[in-house]
Structure formats: structure tokens, C-alpha cells
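Next come the chains, spelled out residue by residue.
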Amino acid sequence: MALTPVANLQKLILDTVHHTFRQPETIPVAQAAGRVLAQDIISSLNVPANNVSAMDGYAFPTVAAAGSAWRLAGESAAGRPFTGQPENGACIRIMTGAVVPTGFVAVAMQENAETDAQGNIVLTKDTPEGNNIRFAGEEIQRNQAIFQAGRILNHADVLVLASLGVGNVVVQPKIRVAVLSTGDELVEPSNPITEHGQIYDSNRHMLMSRLRDLPVEIVDMGKIEDNLEAVLSGLEHAAKTADVVMTSGGVSVGDYDYLRLAVEKIGQIHHYKVAMKPGKPFVFGQLGESQAWYFGLPGNPISGYVGFDMFVKSALWRLCGASEMPQPFRIQAALTAPVKKSAGRMDIQRATLTRQADGSWTVAPCGSQDSHRVLGVSQANAFMLLAQESGNLAAGDMVEVQPFAERFL
Ligand code: AMP
Ligand code: MG
């Protein structure tokens, strides 16, 4: 079977998966970042709501020239507006965010005013009309469309929503993602290794940890044994329980790799082999009557780690109802050392990206790139995406780099 180029598999997955309607939920706005909006947000008010002062200072009923002296007739503070009438020759004290009352046309910042011996305010600078006033509706108008359903809400959106008086937000419910491991050699961390050849199950914990960055409910389904019956019943159970099933291991061509066979029996395989290193076997399919989405990651830990980034994450966002997908974060950086590579597969190497004093970026590969080595990915702060057709690369060559967002400020 021909290998699918990485970009083609990414497109195939995003074109195939689709969000199914579920009853949205309403949550407090402070908990909404990282969730997918399920309503359109239309502003019910003007922002600012009134003409307000941008400074602490004095408000005037006319333009006010440098050197002019003004009697102080009252005060407008934030939340406590001036209730009197404008008077000729009189100004009022005003604070940042306080309403500029009707009849007042300009504000001078207090640094440009002095108080004379009679207690009058004397300007040291001209104060033109509109000076230091934030006008009602200047930023947002009533009935303005602000966000559309499908947006992945961020922290700044929480600021906007709360500014508009939105205290509760309607968001897509979390989808359920089941995670299971396969492998008779696997032992749960914290438990003792009692038999020769056993290893700890690291993949499942890594995958569950990575899922915490998404609006999903994680269903930990433990491990299934390496025999067809166990794999079939494990997958069937998972497909009934969850919207998405993710497994690690058992998708290659070894004698105990039953996943593909099992998926074919109880569902469909949409895709199998991708032109990527690490992680060539990558099963994408659907399972059971519920047609749960299935991602079968290889057992080698780094293959699974990379596969999650390259294919699973964006698919999950789509399944969570996101319509504005996050862009891939890619930059070009200069290699600090030569890299061996043969043409035919995209090589996703673990690397350290560093910003140089002149603002340019360099990237250094993190030692051995074998797909079972767990320390490299933990020391790395980026993937180098070495093009499928590329051969060996020399120091100084520019390569495409995908930074790990969480490693940068
Ligand atoms: P497999 O894809 O099942 O052939 O596994 C490939 C390699 O990954 C083998 O060395 C397995 O022992 C290892 N492996 C499989 N599953 C896990 C896991 N959950 N955690 C750590 N290593 C694993
Ligand atoms: Mg295995």
C-alpha cells in the first residue's frame, strides 16, 4: 500500500470527521476559555456605554485655552456621575472612566492643570474639543456581531464577553474520548514489574495528559490483551462508551498486532499508512454501530506523541464543534548541525529551537531520533518537519519548525 503524504492524511481526516449535534451546555464565563462557543454573540450594549473620561483631570463645557482659569463646580467619579448643570466659566473634577456629563466637551489631564491661590483651575495647555473623551459606542455598538458559534474561546474572549454583560456562555458539551493501550508486556505505573520483559504503560498516560488541553471528557479504559477476542470486545465496549476511541500499539505487522483486523471486523478503516517518520502505521477509521471515530496510534511512544500532534489534535477540535481551526504554528529556522535523512517520508525530528540575539531562530536536533526514546521529546521544545522529498541536510540549511506552544512564553 502506498504511503499517504502527511498533508493528505491531515486533509483526509479533517474532511471526514464531523461534529454531531449535542445539547449545548451553559457555563460561567470565567470557565469558558478553551471551550467551543455554541451561540452567536451579539452585543446588547454600546461599549463604552456613555461618553467617559480617559484621564483623571477636569472637564470643561467649552474648549479651554492654556492660561484660562476655571471655577470648580463639582465632581464626576466612576460610578458616581455629576448631577449638576454646566455653568459658564466653571469646570468639574473628573476621574478616569467617569461619565462626561451632557454639556461638557473636553477633558484636560490633571498634569496639564494647576490650582491657583483662589482655588481655581488654571490650564497649562490648550484643551481642544473631544480631548480625552472615550465616546459611547466607539469600540462596540449595540447589535454588533461579536463572535460566531464554533469559535474556540480564549482568555481575551472572556474579557470581551464579561464586558458585554455575558455572565454565562452556551458552549458545546465535552465529547468523550476513550483511551486504551494494547500489549501483554504493559504494567500500570506504580505497580511492580514482576515478570521478565514487562514495561510500564507510558503512552496511555501521555495521551490522557495531552487530552487535558482539549474540551473532552477522558475515559480511561486501561489496557487490552494481545488476542483478537480481547481487542474486539475492548473496541466494541469503547465505541459504545465514547465518541472517539484512541488506542496505542498493535497496528503494525507483528504476529500479535490485532487492531487493524479488529477494526475491519467491527467498523471501517479509512486510512492506514502515512509517509511519516516516526509513526508510519496510523489507523484512522470508525467503529461499531455508533460509528465512533477511531485513531490507532503505534506503540512506540514517540510515534504516538507525534501522531497525536500531527493528526489527532485538529480532528478532536473539529469533533468538538470548532469551525475556526487553530493555525499550525510553523517558523523557519537554521540548522545548527547536519541531519541525516532519506527521501520518502516526512521526518518529524525532536529539536531545540533558540532565538538568537539578532532575532533569528536556530534549531538543533535532540540526539538520537529513534521512536522509542522518551527523553528527547521531553528535552525538545519543537519538532523539525523535514520535507518528505528532502535528503540529508547541512548545518545552516533552513528547515520548517513547529514549536511546542507550551514551551514558549
Ligand atoms: P506495537 O506497536 O504494539 O508493536 O509496539 C511497539 C513498541 O512500543 C513495543 O516496543 C511496545 O512494547 C511499545 N509499546 C506499546 N504500547 C506501549 C505503551 N502503552 N507504553 C509504552 N510502550 C509501549
Ligand atoms: Mg504491541
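Quick notes on the rules
Residues numbered from 1 in each chain as written. Chains lettered and ligands numbered in written order. Predicted model: local features only at pLDDT ≥ 70, side-chain atom pairs only at ≥ 80, totals over all residues. Heavy atoms only, no water. Helix = DSSP H or I, 4+ residues; strand = E, 2+ residues; numbered from the N terminus. Rg over C-alpha atoms; globule rule 2.2 N^0.38 Å. Areas by Shrake-Rupley, 256 points an atom, 1.4 Å probe, with all protein chains shown as cover. Lys, Arg positive; Asp, Glu negative; His and termini not counted. Charge placed at Lys NZ, Arg CZ, Asp CG, Glu CD. UniProt positions renumbered as here; feature names shortened; annotations may be inferred. Pairing = 2+ DSSP bridges. Axes fitted to C-alpha atoms, helices over the stretch in contact; angles between N-to-C directions. Near = heavy atom within 4 Å. Polar contact = N/O pair within 3.5 Å; in protein donor to acceptor, adjacent residues only side chain to side chain. Nonpolar A, V, L, I, M, F, W, Y, C, P; charged D, E, K, R; others polar. Parallel < 35°, antiparallel > 145°, perpendicular 65-115°, else oblique. Left-handed = near helix turned anticlockwise from the far one by under 90°. Contact = heavy atoms within 4.5 Å.

Colleague: Residue-level account of the overall build of the chain, with values.
Modeller: A count of helices and strands for the chain gives seven helices and 26 strands. In terms of overall size, the chain is more extended than a compact globule, its C-alpha atoms giving a radius of gyration of 30 Å where 409 residues would be expected to give roughly 22 Å. Its C-alpha atoms give the chain principal-axis dimensions of roughly 95 × 55 × 40 Å. For the chain, the computed accessible surface area is about 20,100 Å², with 50% contributed by carbon and sulfur atoms. Put simply, the chain has 32 plus and 40 minus side-chain charges, and the middle of one group is 3 Å from the middle of the other.

Colleague: Which residues make up the UniProt feature "domain: MoaB/Mog" (unreviewed entry) in the chain, and what values do they have?
Modeller: The positions that UniProt labels "domain: MoaB/Mog" (unreviewed entry) are, in the present scheme, residues 178-318. Along residues 178-318 the backbone is 35% helical and 32% strand, and the end-to-end C-alpha distance reaches 17 Å.

Colleague: If you had to explain the sheet that holds strand 4 (residues 57-60) to someone new, which residues and values would you point to?
Modeller: Overall, mixed pairing links the six strands, which are arranged 7-4-6-5-9-8 in an open sheet. Only two strands of the sheet have a single neighbouring strand rather than two, namely strand 7 (106-109) and strand 8 (113-115). Averaged over neighbouring strand pairs, the angle between their axes works out to 40° when direction is ignored. For strand 8 and strand 9 (residues 121-123), the ladder comprises three bridges, and the chain directions are antiparallel. Bridging from a neighbouring strand, A113 pairs with L123 of strand 9.

Colleague: Pulling in residues and values, what's your account of the site of ligand 1?
Modeller: Close to ligand 1 lie 16 residues; E185, D201, S202, G250 and G299 are nearest. Between ligand 1 and N300 there is a distance of 3.2 Å, counted from an oxygen atom to a backbone nitrogen or oxygen. Here ligand 1 loses 77% of its free accessible area of 480 Å² to cover by the protein chains. At the level of secondary structure, the elements contributing two or more residues to the shell around ligand 1 comprise strand 13 (175-182) and strand 15 (199-200). Looking at the shell around ligand 1 residue by residue, the class counts come to three nonpolar, 10 polar and three charged.

Colleague: I'd like a rundown of the packing of helix 3 (residues 203-211) against helix 6 (residues 301-319), residues and numbers included.
Modeller: The N-to-C vectors of helix 3 and helix 6 enclose an angle of 30°; their axes lie 11 Å apart at closest approach. Between helix 3 and helix 6, the angle is such that the two are roughly parallel. Here helix 3 and helix 6 pass one another in a crossing that is right-handed. Along the contact surface, helix 3 presents N203, M206, L207, R210 and L211, while helix 6 presents P301, G304, Y305, F308, D309, K313 and L316.

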